[in-house]
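Listed here are the chains, written in short residue letters.
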Amino acid sequence: MRELVFALEYEPGCNRVADALADYPDARVRSLSLHATADRLWRVDHATGTPEALDAIEDAFLTGDYYADCLATEDCGATQTTRVLDRMDDTLVLYSDWERTPTCASVPHIARDHLGDGVLFETRHEGRHYTWRLIHSGEGNVAAFFDALEVAVGECAQMEMLRTADTTASVGGAEKTHSGLSPEQEAALRAAVEHGYYESPREVDVGELAKHLDVPRSTLTYRLRRAEEHLAKQHVAGERVPEEPPEAR
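Quick rundown of unusual backbone geometry? Include the residues and the values.
Residue Pro201 is bonded to the preceding Ser200 through a cis peptide linkage, with omega at 0 degrees. Residue placement: Pro201 occurs in the loop between α6 (183-194) and α7 (206-213). One non-glycine residue, Asp214, adopts positive backbone phi at about 60 degrees. Of note, Asp214 is situated in the loop between α7 and α8 (217-239). Residue classification places Asp214 among the exposed positions, given a relative accessible area of 69%.

Structure representation (structure tokens):
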């Protein structure tokens, strides 16, 4: 089995959910379940954020003409149903069911065409940065998949390859640095430290740092956030002292 991780960086106005998330940088959406057949797609998504952010995300899901992963730049005539499964102050769970037409294109359907059946999908959406993680048999044509995806995306988004590896190697960390970060996250974090991003007051803001690294601002923000999240969890986990086993009786 092979793991394939890549990201789409949406341009403004090309994806309503990306636009809503860009307005609320602390909000995020991740898939809980995502399945596709030749002519249908259904998924469950979990969103977190402030009540205002969740209102914007819910509206984007419910009113978007072709959000449910369709990459068509015009209304493709697909039939989509979205329902709210759960809503609390800081979380929102949505179910989407999409019946495609011959003019529709999506990451899952393009993956089925070029990577075969049985592909597993996981997504994470923060700002305009939409990360996809695919697990596939390894027998398909990855190059053809990306060629077809590039055509379908057009000028609406930039694509970035983040990782490709055997799933066993990925689990074991072969594609990670010694810190457990991806090489992209490690480079972003190192550059942030070297250029004074973490100084007080900051010597450089995220926009200037993104220009220096020649990456989109939202991509850099995403990498730093994920790196900080990983290191924070690693630090807290390292401080935990295991409980002493009960005395033998």
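What follows continues from the structure just given.
Tell me what's going on with the nonpolar core, and back it up with residues and numbers.
Grouped together as the largest cluster of nonpolar side chains are 31 residues, with contacts concentrated most on Phe6, Leu8, Trp132, Leu134, Phe145 and Leu149. Elements represented by at least two residues in this core include exactly β1 (2-10), β2 (28-36), α3 (107-115), β7 (129-136) and α4 (142-153). With 5 residues, α4 is the largest single contributor of residues to this core. Ignoring any residue separated from it by four or fewer positions in sequence, one finds Leu134 in contact with Arg2, Glu3, Leu4, Phe6, Ala111, Leu115, Val119, Leu120, Phe121 and Phe145.

Lay out the confidence of the model for the protein with the relevant residues and their values.
Here the protein averages 84 in pLDDT, and 88% of its residues register 70 or above. Taken element by element, the protein is modelled with least confidence in helix α5 (residues 167-172), mean pLDDT 50, and with most confidence in strand β3 (residues 40-48), mean pLDDT 94. The low-confidence segment residues 169-175 (pLDDT under 50) makes 9 contacts with residues lying over four places distant or belonging to another chain.

If you had to explain α4 to someone new, which residues and values would you point to?
Between the first and last C-alpha of α4 there are 16 Å, a value that for 12 residues agrees with the 16 Å anticipated at 1.5 Å per step. Within α4, burial applies to Phe145, Phe146, Leu149, Ala152 and Val153. Along the long axis of α4, the arc covered by the buried residues comes to 125 degrees, so they all point the same way.

Now, about the packing of helix α1 (residues 16-23) against helix α2 (residues 51-63): what can you tell me, with residues and values included?
Axes are the key here: two packed helices are described by the angle between their axes and the distance separating the axes. Running from amino to carboxyl end, α1 crosses α2 at an angle of 170 degrees, the nearest separation of the two axes being 9 Å. In this view, α1 runs roughly antiparallel relative to α2, as classed from their interaxial angle. Here α1 contributes Arg16, Val17, Ala20 and Leu21 to the contact with α2, which in turn contributes Ala56, Ile57, Ala60, Phe61 and Thr63. In the contact of α1 with α2, the residues fall into 7 nonpolar, 1 polar and 1 charged.

Give me the pairing of β7: which residues, what numbers.
Of all 8 residues in β7, 7 are buried, a share of seventy percent or more. Across 8 bridges, β1 lies against β7 in antiparallel orientation. Within β7, the position partnered with Ala7 by the bridge is Thr131. Direction of pairing for strand β6 (residues 120-126) relative to β7: antiparallel, over a ladder of 7 bridges. From the neighbouring strand, Leu120 faces β7, where its bridge partner is Ile135.

I'd like to hear about the sheet that holds β7, residue by residue, with values.
In space, the 8 strands of this open sheet follow the order β4-β5-β3-β2-β6-β7-β1-β8, with antiparallel pairing throughout. Two strands lie at the open edges of the sheet, namely β4 (79-87) and β8 (157-166), each paired on one side alone. Sheet twist, expressed as the average angle between the axes of neighbouring strands with direction ignored, equals 15 degrees. Here 8 bridges tie β2 to β3, and the two strands are oriented antiparallel to one another. When the sheet's bridge partners are listed, Ala36 is paired in β3 with Leu41.

I'd like a description of the environment of Ala47, backed by residues and values.
Here Ala47 shows up in strand β3. According to the relative accessible area criterion, Ala47 is buried, its value standing at 1%. Along the chain, Ala47 and His125 lie 78 residues apart, while their C-alpha atoms are 9.2 Å from each other. Once residues within four sequence positions are removed from consideration, Ala47 is found in contact with Arg28, Val29, Leu54, Ile57, Asp90, Thr91 and Leu92.

Explain the packing of α3 against α4 to me, using residue names and the numbers behind them.
Look at α3 against α4: their axes get within 9 Å of each other, and the N-to-C directions meet at 150 degrees. Between α3 and α4, the interaxial angle falls into the category roughly antiparallel. Between α3 and α4 lies a crossing whose hand is right-handed. From α3, Val107, Ile110, Ala111, His114 and Leu115 reach across to α4, where they touch Val142, Ala144, Phe145, Ala148, Leu149 and Ala152. Taken together, the residues of the contact of α3 with α4 break down into 10 nonpolar, 1 polar and no charged.

About the thresholds
- Residues numbered from 1 in each chain as written.
- Predicted model: local features only at pLDDT ≥ 70, side-chain atom pairs only at ≥ 80, totals over all residues.
- Heavy atoms only, no water.
- Helix = DSSP H or I, 4+ residues; strand = E, 2+ residues; numbered from the N terminus.
- Buried < 20%, exposed > 50% of the residue type's maximum accessible area, 1.4 Å probe, protein only.
- Core = buried A, V, L, I, M, F, W, Y, C linked by side-chain atoms within 4.5 Å.
- Contact = heavy atoms within 4.5 Å.
- pLDDT = per-residue confidence, 0-100.
- Expected span 1.5 Å × (residues − 1).
- Arc of directions from axis to C-beta.
- Axes fitted to C-alpha atoms, helices over the stretch in contact; angles between N-to-C directions.
- Parallel < 35°, antiparallel > 145°, perpendicular 65-115°, else oblique.
- Nonpolar A, V, L, I, M, F, W, Y, C, P; charged D, E, K, R; others polar.
- Pairing = 2+ DSSP bridges.
- Left-handed = near helix turned anticlockwise from the far one by under 90°.

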